[in-house]
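Structural characterization, general
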Amino acid sequence: MHDKPSVLTLTEQLIARPSVSPEDAGCQQLLDERLAQLGFVNESMFFIDTHNLWSVRGSEGPLFVFAGHTDVVPPGPAEKWTTPPFEPSYRDGYLYGRGAADMKGSLAAMVIATEQFLAKHPNPKGRIAFLITSDEEDKFVNGTIKVVEALMQRGEKLDWCIVGEPSSSETLGDVIKIGRRGSITGRINIHGKQGHVAYPQRADNAIHKALPALNELAQVKWDQGNAHFPPTSLQITRVQAGHANNVVPGELFVEFNLRYSTEQTAAGIKEKVQHLCHRHRLVDEVDWMLSGEPFLTEAGPLLDATREAIRELCGIETDASTTGGTSDGRFIAKTGAQVLELGPCNRTIHQVNECVSTDELVKLVALYERILEKMLL
Ligand SMILES: [Zn+2]
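These lines cover the structure that appears in this document, whether it is placed above or below.

A separate point is helix α9 (residues 358–376). Here α9 contains 19 residues, and its C-alpha end-to-end distance of 27 Å stays within 8% of the 27 Å for a straight helix at 1.5 Å per residue. Within α9, burial applies to T358, E360, L361, L364, V365, L367, Y368, E369, I371, L372, M375 and L376.

The protein atoms donating to the zinc ion are H69 (NE2), D102 (OD), E165 (OE) and E165 (OE), with metal-donor distances spanning 1.9 to 2.7 Å. Geometry at the zinc ion is irregular, judged from the 4 donor atoms that bind it and their angles of 51 to 141° at the metal. Between the donor residues of the zinc ion, the gaps in sequence give the motif H-x32-D-x62-E. Pair noted here: H69 is in strand β3 (residues 63–69) and E165 is in the loop between β7 (160–163) and β8 (175–177), with a separation of 96 residues, a long-range link. By relative accessible area, which is 8% here, E165 ends up buried.

All right, on to the nonpolar core then. Nonpolar side chains in soluble globular proteins generally cluster together in the buried interior. Of all hydrophobic cores here, the largest spans 53 residues; its most connected members are F64, F66, I128, F130, I162, L342 and Y368. Those elements that provide at least two residues to this core are α1 (6–15), α2 (27–36), β3, α3 (100–120), β6 (127–133), β7, α7 (301–314) and α9. Residue contributions to this core peak at 12 residues, all from α3. Look past the residues within four positions of F64 in its chain and what remains in contact with it is R127, I128, A129, W160, I162, L302, I371, L372, M375 and L376. Core analysis: the next-biggest nonpolar cluster, separate from the first, contains 24 residues, I188, L214, V254 and W288 among them.

Reading guide: rules and limits
Residues numbered from 1 in each chain as written. Predicted model: local features only at pLDDT ≥ 70, side-chain atom pairs only at ≥ 80, totals over all residues. Heavy atoms only, no water. Helix = DSSP H or I, 4+ residues; strand = E, 2+ residues; numbered from the N terminus. Expected span 1.5 Å × (residues − 1). Buried < 20%, exposed > 50% of the residue type's maximum accessible area, 1.4 Å probe, protein only. Donors = N, O, S within 2.8 Å, 3.2 Å for Na, K, Ca; no water. Tetrahedral: all angles 85-135°; square planar, octahedral: opposite > 155°, others 65-115°. Core = buried A, V, L, I, M, F, W, Y, C linked by side-chain atoms within 4.5 Å. Contact = heavy atoms within 4.5 Å.

Now the structure itself:
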């Protein structure tokens, strides 16, 4: 390949750094250097075990943020990879390596798009920032959430944000994410009284006690969803109880997870479940873990610009979706920023032989650049 596009070279350099979450393995140093050359002021924010980079160029005007993560999921069994996961290699128009699609390719495309944009327009009408973490794939506790807290504390206002998560499905730009469902997990320990199955009157069967409540929990119709979100769904994910066929179990543990729309709030869900538990006399408290509240970016300049850029450069109408798991977009949306996710196809993410189309990566640079032009000129 002669005249290799610079986005491929930078993606290769990132893939070659084995940044399994929460390791950054020098990826941010590389981005830091590229951005510094463009006049960005870099601030590294280290929390506990996680490298984060906040980098801003410009001093006035609205703030456009590119957000993403340098960490990757573990490669899995190395022998299953056709070429080693941290040795970038090309086959049939695809660049292979762990993180190629999720999301080192996007990070490289954001940097190259910014370089090209600033070369043409050195004085845009606004500021550009990069919010990069190495803590997205695993624990997400010392990454974007902490950076956003620090930024909010100092009164930094984020206006628009593109997250480089691999949003596309079959072809670049066919799907963007304009929000995500919320995710909350509940766990209950139900106490009865253990005993001999032959003497049930001396025992209190925790499974029997739980069944009507669990049945009702599984049947709840939370909402119909709305124009942007599918209906809220509760799934019971674990039930543990029992020892032997002659013992009435005295304890039962149940876990359930809800993926919820903007028709619900975490507080409302907690209250409803708690109420159901009390009604069934499962007196114990529910133990909750809120992984993410839902967010939604409605019609506005960022969504318009992104739709138009995809129409102009990819020749398709994008599908603005809220499906999929949670992403760091949920933390950034807390600042009040409009947040969208736009990145390459997600067909191979987290898999063995993860790859990204080289043509699509080149086109992604053009997309990001066009969005910058629409927002900042
Ligand atoms: Zn990702």
